[in-house]
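A closer look at the structure
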Amino acid sequence: MNLIKAASLVALSALLIACGDTSNQQDSAEASSEPAVVPDIAARTPGYSEHNNAYFGDLHVHTMYSFDAFIFGTTASPDDAYEFAKGGVLRHPGGFDMQLKEPLDFYGVSDHAFYLGSLRSMATPGTELSKLDIANGMDTLSDGLNRRSKFQELITFLGTDRRDEILNQKVFKEAWDDIIGAANRANDPGKFTSFIAYEYTSSGPGNANLHRNVIFKGDEAPNLPFSRLDSLNPEDLWDWMDEKRAEGHESLAIPHNSNGSNGMMFQQTTFEGNALDATYAEQRMRNEPLVEISQVKGTSDTHPALSPNDEWADFEIMPYRIATNIDSAINGSYVRQAYMNGLKMQEDEGYNPFKFGLIGSSDTHNASYAGDEDNYWSKVGLVDDTPQERGSVKLDEPNADGGDYALNKSYKTWSAAGLAGVWAQENTRASIYDAFRRKETFGTSGPRIKVRFFAGYDIPAIDDKALLTKAYTNTTMGGDLIATESDTPSFLVWAARDANSAPLQRVQIIKTAVKDGQTVEEVFDVACADGNAVDPTTNRCPDNGARVDLSDCSYSQDKGAAELRTVWQDPGYAPSQRAMYYVRVLENPTCRWSTWDALREGVAPREGLHKTIQERAWSSPIWVTPLAGQ
Amino acid sequence: MRDPLVWFVLIGLILFGADHYLNNQEDQIIVDEVVRQRLATLWQTQSGNPATAQEVDSLVQSWLKEEIMFREAMRLGLDRDDTIVRRRLIQKLSFLSEEVGIETNEQSKLDALTSYYYAHQEQYKTETRFSFQQIFFSTEEKADLYGASTEVPSTNWQSLGETSLLNSSYKEMTFAEARRDFGVQFATSLSELTESTEAWQGPIKSSYGYHFVRLQQVQIQQQLPFAMVRVRVAADYASEQRSTSQTDYYNALREKYDVVYE
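Conventions and cut-offs
Residues numbered from 1 in each chain as written. Chains lettered and ligands numbered in written order. Predicted model: local features only at pLDDT ≥ 70, side-chain atom pairs only at ≥ 80, totals over all residues. Helix = DSSP H or I, 4+ residues; strand = E, 2+ residues; numbered from the N terminus. Rg over C-alpha atoms; globule rule 2.2 N^0.38 Å. Buried ≥ 20, exposed ≤ 12 C-beta atoms within 10 Å, placed from the backbone. Contact = placed C-beta atoms within 7 Å. Bend = angle between axes of the 7 residues up to and from the residue. Pairing = 2+ DSSP bridges. Axes fitted to C-alpha atoms, helices over the stretch in contact; angles between N-to-C directions. Nonpolar A, V, L, I, M, F, W, Y, C, P; charged D, E, K, R; others polar. Domains from an automatic or database assignment. pLDDT = per-residue confidence, 0-100. Core = buried A, V, L, I, M, F, W, Y, C linked by C-beta atoms within 7 Å.

Points about the overall build of chain A
In terms of regular secondary structure, chain A is built from 13 helices and 28 strands. Scaling as 2.2 N^0.38, a compact globule of 630 residues should have a C-alpha radius of gyration of about 25 Å, and chain A matches this with 24 Å. If one aligns the C-alpha atoms of chain A with their principal axes, the spans along those axes are about 75 × 70 × 55 Å. Across the 630 residues in chain A, those meeting the buried criterion constitute 53%. Long-range contacts, defined as pairs at least 24 residues apart, comprise 73% of the intrachain contacts of chain A with a sequence gap of at least 6.

And the structure:
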């Protein structure tokens with residue numbers, strides 16, 4: 001084994017020396033019998049920066065091995081998914097080509113462990129699983145309607161009872177090994193990082209979504225993933241992760257779609273309904289340092305009902321429980337409220353189970369990230385691949401209830417969204433994974449908006465030539481700041497636009513704190529585009545006048561900023577107050593995907609949907625620990 | 001022999017005999033060693049254990065049942081106008097047609113791959129990569145003012161211009177990466193600059209502002225030798241083969257049919 005590895009390393013080095021170009025690494029690695037050999041870990045890859053680079057990726061991607069994706073018509077493999085992320089062309093099951101305008105820096109295929117690969121096997125003639133009654137009709141699924149009804153039949157069948165007849169370990173194992181193999185084949189240190197990953201698809205009563213993606217640090221993973229068939233209780237997943245970590249498989253889990261959890265994702269009891277305690281909080285934070293704030297099925301920052309004083313709270317709200325048209329309870333389903341409840345628990349009980357950082361990701365079920373409003377193919381294959389099916393354009397004939405639009409209530413609330421950003425020294429698994437662990441991460445609703453965030457007592461002046469060197473001696477996003485008696489902390493925020501999306505309109509700091517035993521939240525504009533100043537009484541920037549022309553979706557070219565940066569102090573800061581701060585960066589308004597759909601079809605945008613949106617980024621928070629009660 | 005009755009009886013007898021003979025043929029199912037062996041092998045692949053004599057008997061019985069039911073279904077014409085059967089048959093035919101024309105001989109396979117490689121050399125090139133340094137100004141006025149008045153010092157140039165979230169040095173960036181990080185206008189301008197380790201050129205415009213650029217190195221696109229990309233060539237070739245042979249196969253079949261549009 002070691003001999004083979006050494007031999008292929010020698011062969012690889014010889015090839016690399018022969019051509020003198022590291023971009024050839026992948027082809028030569030493919031030719032050897034071993035998976036990609038990782039070069040000397042001490043060597044820095046091109047692009048290395050001691051002050052960290054922003055890298056963008058998607059950690060939530062389904063392929064043909066996911067039970068639902070397969071039903072939706074997805075035949076793309078994990079290898080195909082990685083090729084797509086690197087800029088390749090992928091054929092949508094609906095027959096059109098999908099390609100990213102800009103390739104991604106990292107990607108993680110995260111198929112549902114629940115019946116992994118099983119449905120594909122059921123639909124393959126000749127396999128054992130294809131002979132089951134429930135497999136009837138699976139090899140001849142055709143249009144969206146037919147697929148939707150088979151999906152509902154299967155999800156009811158699979159979701160109600162344990163279906164031992166489908167539990168074929170050989171099928172799981174083959175799929176899982178291919179997922180691991182594909183991730184290792186695609187990994188290209190310095191250029192592209194892939195992660196071995198999967199989705200733990202648990203739910204509470206009444207379709208309360210408790211899904212998590214599990215991301216592995218290494219190039220090996222446990223024999224089989226832990227799935228909802230093993231337990232519906234996420235605490236059991238954490239036990240398993242702890243156990244595997246002790247065996248050398250480091251991983252972290254990222255919950256998503258808290259918006260569809262019916263209040264369970266951030267409930268203040270255990271899964272079984274018991275009181276939380278310090279052990280629970282520690283275990284949760286050890287295993288779940290991050291939360292996915294934005295994705296195709298909506299954004300989970302906050303809800304207008306929870307944040308009535310936040311004018312930007314009504315953003316890509318997806319109000320249903322996952323895979324249903326049933327309303328999801330608001331309390332316990334949104335990130336900002338969880339942050340507040342976490343602070344309160346820390347204050348009252350001495351522990352905080354919700355001290356997580358933020359990322360975005362897509363949850364595509366087409367193997368293909370779709371975060372551009374004007375390059376959107378939604379996410380469930382043949383079920384929503386046309387504007388009519390996803391509810392942005394009227395049907396040719398009225399629907400079964402006599403309405404003009406497709407009956408499904410949820411697709412129209414879906415979003416061209418979800419990008420993960422990290423600040424890492426280089427584009428390697430180790431470097432990016434470490435950034436996840438220290439929560440030096442941010443999420444966006446799609447564009448590559450970059451945001452840096454520091455807090456401390458030694459924040460340099462904004463035009464300091466060594467700004468970053470000095471800023472890094474302070475606390476960075478995802479970290480803790482300890483209050484002192486004499487000093488007031490300063491916050492450095494620095495955001496840059498996506499070079500290929502709209503300019504920035506404003507940068508905000510969102511503060512939540514415990515004040516007189518109650519949780520409070522405040523939104524401060526801290527930097528405005530176009531030379532405008534924040535009004536100190538309202539804490540708002542004036543309207544910068546950026547507009548969208550709905551006749552062609554063009555937007556103001558002379559408004560907005562390429563970069564916004566400022567040093568800010570909290571006017572309400574008190575060293576005795578427990579608080580946390582995170583950044584929200586807003587772009588100028590642009591057309592929503594549903595408006596693009598309507599424009600291309602030559603019809604008016606659907607009433608009741610936002611015609612334009614303000615794309616945005618959220619940083620991971622910085623927590624301030626007060627003097628008393630440290 | 002001229003009596004029609006004799007002829008009638010004779011012909012009747014021949015027809016009866018022929019029918020009897022043919023029916024016997026159709027109703028006969030031969031269970032020989034070939035069948036037993038096939039069923040036993042299948043059993044072993046699925047279960048992992050060799051079949052016992054008793055298991056073989058039971059396999060034969062269920063195979064018999066399947067065979068008889070199948071023959072009856074065919075006799076009743078149940079395969080006709082059934083979409084599932086049609087699709088499955090079409091699918092099998094497509095698989096067959098994909099096999100057509102795939103080389104099995106090692107030498108001719110290699111020849112086919114090399115000629116495919118030479119015919120598609122464009123696909124097997126490295127990307128052009130740019131290594132450069134940049135000094136940033138947020139507005140054209142500031143950049144022009146600077147450009148007109150100052151000589152860029154050879155050291156400490158990183159402290160010039162305005163600070164931004166962009167890096168001051170970039171190594172081995174492709175056109176697509178430059179477009180991603182600076183916008184298309186900058187990427188296009190960059191690719192038109194002259195390589196020079198000395199000269200600062202510009203200012204050129206990006207999505208962020210204006211940049212003086214020192215384009216230190218351009219690694220021109222290079223052809224990758226066949227030996228290095230053989231695996232990729234083989235995959236591309238196979239994929240092309242599959243699609244051409246399917247098309248050719250269909251076209252050949254299409255020739256045989258006279259289609260009447262009414």
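Some remarks on the overall build of chain B
The helix and strand tally for chain B stands at nine helices and four strands. Along chain B, from the amino end to the carboxyl end, the secondary structure elements read α-α-α-α-α-β-α-β-α-α-β-β-α. In terms of C-alpha radius of gyration, chain B reaches 38 Å, well past the compact-globule figure of 18 Å for 262 residues. Overall, the C-alpha framework of chain B stretches about 125 × 60 × 40 Å when taken along its three principal axes.

Some remarks on helix α9 (residues 226-256) of chain B
Along its length, α9(B) reaches its greatest deviation from straightness, about 45°, at R232(B). Among the residues making up α9(B), those that are buried are V229(B), V233(B) and Y237(B).

Some points on the sheet that holds strand β10 (residues 290-295) of chain A
Sheets are built from strands that pair by backbone hydrogen bonding, the pairs being arranged parallel or antiparallel. All names here are of chain A. With mixed pairing, the three strands of this open sheet are ordered in space as β11-β10-β12. Edge positions in the sheet fall to β11 (298-299) and β12 (357-360), since each of these pairs with one other strand and no more. Pairing of β10 with β11 involves two bridges; the strand directions are antiparallel. Counterpart to Q295 in the pairing with β11 is G298.

Regarding the sheet that holds strand β4 (residues 210-219) of chain B
Residues and elements named next belong to chain B. With antiparallel pairing, the four strands of this open sheet are ordered in space as β2-β1-β4-β3. Two strands in the sheet have a free side with no partner beyond their single neighbour: β2 (169-173) and β3 (201-205). Here the average twist between neighbouring strands, direction ignored, is 35°. Bridge count for strand β1 (residues 129-137) against β4 is nine bridges, and the pairing is antiparallel. For R129, the partnering residue across the bridge sits in β4 and is Q219. Helix α8 (residues 184-192) contacts β1, β3 and β4 of the sheet and is inclined by roughly 155° relative to β3.

Looking at the interface of chain B and chain A
Opposite the 28 residues of chain B that make contact, chain A presents 29 residues. Elements represented by at least two residues in the side of chain B that touches chain A include exactly α4 (83-99), β2, α7 (175-182) and α9 of chain B. Residue contributions to the side of chain B that touches chain A peak at five residues, all from α9(B). Of the residues in the side of chain B that touches chain A, the class split is nine nonpolar, eleven polar and eight charged.

Some remarks on the environment of A76(A)
Residues and elements named next belong to chain A. When you line up the elements, A76 lands in the loop between α3 (67-71) and α4 (78-85). A residue is classified by how many C-beta atoms lie within 10 Å of it, and A76, with 26 of them, is buried. Separated by 14 residues in sequence, A76 and L90 place their C-alpha atoms 7.9 Å apart. What A76 contacts, discounting residues up to four positions off in sequence, is T63, M64, A81, L90 and A367.

Digging into the domain arrangement of chain A
Residues and elements named next belong to chain A. Here chain A is described as being made up of domain 1 (2-31), domain 2 (53-434) and domain 3 (450-625). With 32 residues of domain 2 at the contact, the number on the domain 3 side is 30 residues. Among the elements of the structure, α10 (335-349) and β12 are those that each provide at least two residues to the side of domain 2 that touches domain 3. Here the side of domain 2 that touches domain 3 takes seven residues from α10, the largest share from any one element. For the side of domain 2 that touches domain 3, the residue count by class is 13 nonpolar, six polar and 13 charged.

Things to note about unusual backbone geometry
In this chain, G202(B) is followed by P203(B) through a cis amide linkage whose omega measures 10°. Tracing the backbone shows P203(B) in strand β3. Positive phi, normally seen in glycine, also occurs at N257(A), with a value near 50°. Relative to the elements of secondary structure, N257(A) occurs in the loop between β9 (251-255) and α9 (278-287). Residue E172(B) is not a glycine yet carries a positive backbone phi of 50°. Relative to the elements of secondary structure, E172(B) occurs in strand β2.

Things to note about the domain arrangement of chain B
Many descriptions give the size of an interface as the accessible area lost when the pieces come together. Taken domain by domain, chain B consists of domain 1 (4-98) and domain 2 (129-219). When each unit is reduced to the centre of its C-alpha atoms, the spacing between domain 1 of chain B and domain 2 of chain B is 76 Å.

Topic: the confidence of the model for chain A
Averaged over every residue, the pLDDT of chain A is 90; the share at 70 or more is 92%. pLDDT under 50 marks residues 1-41 of chain A. Its contacts with residues more than four places away, or in other chains, come to 47 contacts.

A word on the nonpolar core
Formed by 160 residues in total, the largest nonpolar core has its most connected members in V493(A) and A495(A). Residue contributions to this core peak at nine residues, all from helix α7 (residues 169-186) of chain A. Both domains that furnish three or more residues to this core are identified here as domain 2 (53-434) and domain 3 (450-625) of chain A. Setting aside its immediate chain neighbours within four residues, A495(A) contacts I449(A), K450(A), V451(A), L504(A), V507(A), E563(A), L564(A) and V585(A). Core analysis: the second largest hydrophobic core is formed by 19 residues, F130(B), F182(B), A187(B) and V213(B) among them.

Section: the confidence of the model for chain B
All names here are of chain B. Within chain B, residue pLDDT values average 85, and 92% of them lie at 70 or more. Element-level mean pLDDT values for chain B span from 73 in helix α1 (residues 4-26) up to 96 in α8. With a pTM of 0.80, the predicted complex shows an ipTM of 0.76.

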